Amino acid sequence: MSIPFWCIFISALLIFIAKAPLARAMKQEGGSYDNHHPRAQQARLTGFGARALAAHQNSFEAFPLFAVGVLMAHVTQSSGWLVDWLAVIFVIARVLYLLFYWADLHWQRSLVWAVGMGCTLLLMLTPAMR
């Protein structure tokens, strides 16, 4: 499997990794994880819990664009070091994004979000760079 495809897999895993701190915050919020009404419980979260929810939701939002970028590069045979590096940098940016969001480092989070989005958009443009 190619490096960009591994990066898609890792990015998918990050969605579920981002759920763990959210689940912990939900358990702390009400004494237990409310599996009957999780969205209502999530709506009550503040502080770290609210940030964990937002980081988890953003992981869902970022994933499809990145996957499309990798697939656009793949189907147009735009492989090579640039595509590999863009995919790896995206994954690194997403890991940092989660860490910065959880730690409430707002400008750092925005910076790595922009890096990740830039990688995604550049992946989509790689067919034009051939």
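Just so it is clear, the model here is predicted, and its values are computed rather than measured.

What counts, and where the lines are drawn
Per chain, residues are indexed from 1 in the order of the written sequence. Per-residue local features of the predicted model are confined to residues with pLDDT of at least 70, and side-chain atom pairs are confined, for both listing and counting, to 80 or more; whole-chain, interface and lining totals are unaffected and use all residues. Water and hydrogen atoms play no part in the side-chain values, which are based on all heavy atoms of the structure. Here is the rule: rings of Phe, Tyr and Trp (six-membered ring for Trp) pair when centre to centre is within 6.5 Å. Planes less than 30 degrees apart are stacked, more than 60 are edge-to-face, and the remainder are tilted. Only runs of H or I of at least four residues qualify as helices and only runs of E of at least two qualify as strands under DSSP, and these elements are numbered from the N terminus. Remark: exposure states derive from per-residue accessible area (1.4 Å probe, protein chains only) relative to the maximum for the residue type, with buried under 20%, exposed over 50%, and partly exposed in between. Throughout this description, the term charge over a ring refers to an Arg CZ or Lys NZ atom that lies within 6 Å of the ring centre and within 35 degrees of the ring normal. UniProt positions are given in the numbering used here, feature names are shortened, and annotations may be inferred rather than shown by experiment. By definition, a salt bridge exists where a carboxyl oxygen of Asp or Glu is found within 4 Å of a side-chain nitrogen of Lys or Arg. Note on terminology: disulfide denotes any pair of cysteine sulfur atoms within 2.5 Å.

### Comments concerning the packing of aromatic side chains
This model, assessed by the stated rule, comprises 3 aromatic pairs. Ring geometry for Trp 6 versus Phe 9: centroids 5.9 Å apart, planes at 85°, classification edge-to-face. Taken as a pair, Trp 6 and Phe 9 lie in helix H1 (residues 3–17) at a separation of 3 residues, close to a single helical turn. On the basis of relative accessible area, Phe 9 is assigned to the partly exposed category, the value being 42%. On the basis of an interplanar angle of 85° and a centroid distance of 5.5 Å, the ring pair of Tyr 97 and Tyr 101 is categorised as edge-to-face. Taken together, the residues span about one helical turn, with Tyr 97 and Tyr 101 both in helix H5 (residues 81–102) at a distance of 4 residues. Each member of the pair Tyr 97 and Tyr 101 is classed as buried. Positioned above the aromatic ring of Tyr 101, the side-chain terminus of Arg 109 is 4.0 Å from the ring centre.

### A closer look at the UniProt feature "transmembrane region" (unreviewed entry) in the protein chain
In the numbering used here, UniProt assigns the "transmembrane region" (unreviewed entry) feature to residues 85–103 and 110–129. Along residues 85–103 one finds 95% helix and 0% strand; the C-alpha atoms at either end are 27 Å apart. Helix makes up 80% of residues 110–129 and strand 0%, with an end-to-end C-alpha separation of 27 Å.

### Re the pattern of salt bridges
For the coordinates displayed, the defined rule picks out 1 salt bridge. With its nearest N and O atoms 3.0 Å apart, the salt bridge here joins Glu 29 to Arg 44. Of this pair, Glu 29 sits in helix H2 (residues 19–30) while Arg 44 sits in the loop between helix H3 (38–43) and helix H4 (47–75), and the two are 15 residues apart along the sequence. In this structure Glu 29 comes out as partly exposed when scored by relative accessible area, which is 31%.

### Considering the state of the cysteines
For the structure on display, the rule yields 0 disulfides. A disulfide-free cysteine, Cys 119 has its sulfur positioned 10 Å from the sulfur of Cys 7, the nearest such atom.

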